[in-house]
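# Structural characterization, general
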Amino acid sequence: MSQRARTNQLLYQAELLLAQSAASGDDEHAVARRMAGEEGALALLELALASLLEECAVTARWPQGSWRERLASPPTPIAEVEQLRSLLERPDSWLSELVADVTRLHEEGGVARREESRSRGDGLIIAAASRASLAERLSAAITAFKALLPQLRESSVEW
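Residues numbered from 1 in each chain as written. Predicted model: local features only at pLDDT ≥ 70, side-chain atom pairs only at ≥ 80, totals over all residues. Heavy atoms only, no water.

Once that is clear, we can look at the pattern of salt bridges. A full pass over the atoms with the stated rule returns nine salt bridges. The shortest N-O distance in the salt bridge between R70 and E54 comes to 2.5 Å. With R70 in helix α3 (residues 67-72) and E54 in helix α2 (residues 30-60), this residue pair connects regions lying 16 residues apart in the sequence. By relative accessible area, R70 is classed as buried at 4%. The salt bridge involving R137 is made with D101; its shortest N-O contact spans 3.0 Å. Here D101 lies in helix α5 (residues 94-105) and R137 lies in helix α6 (residues 134-154), a separation of 36 residues in the sequence. Accessibility assignment for this pair places R137 and D101 in one class, buried. Three or more residues are tied together by salt bridges with common partners; here these are D101, R104 and R137. (Salt bridge = Lys/Arg side-chain N within 4 Å of Asp/Glu carboxyl O. Helix = DSSP H or I, 4+ residues; strand = E, 2+ residues; numbered from the N terminus. Buried < 20%, exposed > 50% of the residue type's maximum accessible area, 1.4 Å probe, protein only.)

Taking 1.5 Å of rise per residue, 31 residues should cover 45 Å, and α2 covers 45 Å from first to last C-alpha, within 8% of that figure. R61, located one to two residues past α2, shows a positive phi value of around 60°. (Expected span 1.5 Å × (residues − 1).)

Before going further, it helps to examine helix α1 (residues 3-22). Here α1 is 20 residues long and its end C-alpha atoms lie 29 Å apart, about the 28 Å a rise of 1.5 Å per residue gives. For α1, the complete set of buried residues consists of T7, L10, L11, A14, L18 and S21. Angular distribution of buried residues about the axis of α1 spans 100°; they occupy a single face of the element. Among the structural elements, α2 and α6 are those in contact with the buried residues of α1. (Arc of directions from axis to C-beta. Contact = heavy atoms within 4.5 Å.)

Shown next, in the form of structure tokens:
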């Protein structure tokens, strides 16, 4: 399988896992399944980002390295990675949020959370939604990632 195909496969699998976790049911394990699906989708998105950077590395003939190293300080500047780096510098971008979520994924507490809510005192529950849920952020990241891929790959197409 080519690196390009692997990147596509990982994005597709992340999308499937996220969709499956959203429809996890109402039993006692539903929250755990949702959290596992979200963290699994996030891990696949990390692998897809690493795979995309490997696509660039092969084209640029870079030495081995982690995706974080390649994104932080590429061995030689190439337009595709510079475009990703500019996205990463914007704190409100999908890539910046994705990398922040990946960082939390590798921490002790993980990144998926039980849905937090507060009771008003009259028995009604108010959902605390100051920030988009992990599932919403991942869905947005998948959509943006897939939209950006053709632009990034355009310069590496052989004529």
